[in-house]
Amino acid sequence: KEKSIHKAHNKLQELHEHWKNLGLVEKKQRESIWERFQKISKEINKKRNNYFLEKKEKDLKKLEEKKTISTKISLLASEKKTTHNEWQEASNICYKLQEEWKSLGGLNKEYNKIAGKKLRESLTNFYETKKAFYKEKKESSKENFKKKLIICETAEKIKNSTDWKETT
């Protein structure tokens, strides 16, 4: 009747230990009482095994869902984006995918390591790609500024000229 499978298992282990320490029972009752206790032990152990099998199945399903989310983030990074607004939208989607990934909950240690590594790789790829876009945009802006500065300097040189043929 215990709700916690761990508590039930620990209690069963205590009962087994207590059983051993009690000593012998009359020979004619020994087999029937042992079978009764053994039957109950098997039921508890079966419940415990089923619990862990179900947990493993759920963890496998969660792992696949987390891998799928990480793949979606990787695909976001690989899509060509040419504007700030496109990157903003992609960043919002990426954030929502991260929240969805977190909402799935934890896994066992082994699966958690796998899922975490895949997420970190996809996020690193996404943010490195985004960083490269803005770095290129910044360089392009600097170049455009230099070109426009040259145009301004040229215009300033010819603004007071009266030689229309030469300045045009």
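Look up: the structure comes first, before these words.
Because the structure is a prediction, the values reported are computed rather than measured. (Residues numbered from 1 in each chain as written. Predicted model: local features only at pLDDT ≥ 70, side-chain atom pairs only at ≥ 80, totals over all residues. Heavy atoms only, no water.)

Draft legend 1. Up close: the nonpolar core. Counting 17 residues, the largest nonpolar core has I73, L76, C94 and F126 as its most contacted members. For this core, the secondary structure elements donating two or more residues are helix 2 (27–78), helix 3 (84–103) and helix 4 (109–158). Beyond its immediate chain neighbours, meaning those up to four positions away, C94 contacts I73, L76, L123, F126 and Y127. (Core = buried A, V, L, I, M, F, W, Y, C linked by side-chain atoms within 4.5 Å. Buried < 20%, exposed > 50% of the residue type's maximum accessible area, 1.4 Å probe, protein only. Helix = DSSP H or I, 4+ residues; strand = E, 2+ residues; numbered from the N terminus. Contact = heavy atoms within 4.5 Å.)

Draft legend 2. View of the environment of Y134. Following the sequence through the fold, Y134 ends up in helix 4. Between the C-alpha atom of Y134 and that of T83, which follows or precedes it by 51 residues, the distance is 9.5 Å. If sequence neighbours within four positions are ignored, Y134 has contacts with H84, W87 and Q88.

Draft legend 3. Looking closely at a positive patch on the surface. A cluster of like positive charges, contributed by K109, K113, K117 and R120, occupies part of the molecular surface. Examined against the element boundaries, K109 turns out to sit in helix 4. Overall, the relative accessible area of 77% leaves K109 in the exposed class. (Patch = residues over 30% accessible without salt bridge, like charges linked within 9 Å, V, L, I, M, F, W, Y side chains within 5 Å. Areas by Shrake-Rupley, 256 points an atom, 1.4 Å probe, with all protein chains shown as cover. Salt bridge = Lys/Arg side-chain N within 4 Å of Asp/Glu carboxyl O. Lys, Arg positive; Asp, Glu negative; His and termini not counted. Charge placed at Lys NZ, Arg CZ, Asp CG, Glu CD.)

Draft legend 4. Up close: the packing of helix 1 (residues 5–22) against helix 2. Contact pair helix 1 / helix 2: the axes reach a minimum separation of 10 Å and the direction vectors enclose 155 degrees. With respect to their mutual orientation, helix 1 and helix 2 come out roughly antiparallel. Considering how the two elements wind past one another, helix 1 and helix 2 form a crossing that is left-handed. Along its contact with helix 1, which presents I5, H6, A8, H9, L12, L15, H16 and W19, the element helix 2 presents I33, W34, F37, S41, I44, N45, K47, R48, Y51 and F52. For the contact of helix 1 with helix 2, the per-class residue count stands at 11 nonpolar, five polar and two charged. (Axes fitted to C-alpha atoms, helices over the stretch in contact; angles between N-to-C directions. Parallel < 35°, antiparallel > 145°, perpendicular 65-115°, else oblique. Left-handed = near helix turned anticlockwise from the far one by under 90°. Nonpolar A, V, L, I, M, F, W, Y, C, P; charged D, E, K, R; others polar.)

Draft legend 5. The packing of aromatic side chains, seen in detail. Under the definition given, this model contains eight aromatic pairs. Here Y51 and F52 contribute two aromatic rings whose centre-to-centre distance is 5.0 Å and whose plane-to-plane angle is 75 degrees, an arrangement assigned as edge-to-face. Look at Y51 and you get partly exposed, because its relative accessible area is 33%. With relative accessibility at 35%, the residue F52 sits in the partly exposed group. Among the aromatic side chains, those forming a connected cluster through ring pairs are W87, F126, Y127, F133 and Y134. (Phe/Tyr/Trp six-rings, centres within 6.5 Å; stacked < 30°, edge-to-face > 60°.)

Draft legend 6. The arrangement of the pattern of salt bridges in detail. Counted by the stated rule, this structure contains four salt bridges. K20 is the partner of E17 in a salt bridge, and the nearest nitrogen-oxygen pair spans 4.0 Å. One end of the pair is E17 and the other is K20, both in helix 1 and three residues apart, which spans about a single turn. Overall, E17 belongs to the partly exposed group, its relative accessible area being 42%. A salt bridge links K55 to D59; the nearest nitrogen and oxygen atoms lie 3.7 Å apart. Placement of the pair is K55 and D59 together in helix 2, with a separation of four residues, close to one helical turn. With a relative accessible area of 35%, K55 lands in the partly exposed category. Assessed through its relative accessible area of 3%, D59 is described here as buried.

Draft legend 7. Quick peek at the packing of helix 2 against helix 3. Axis separation between helix 2 and helix 3 bottoms out at 10 Å; the angle between their running directions is 170 degrees. Between helix 2 and helix 3, the interaxial angle falls into the category roughly antiparallel. Contacts between helix 2 and helix 3 pair K66, I69, S70, K72, I73 and L76 from the former with A90, I93, C94, L97, Q98, E100 and W101 from the latter. When its residues are assigned to classes, the contact of helix 2 with helix 3 shows eight nonpolar, two polar and three charged.

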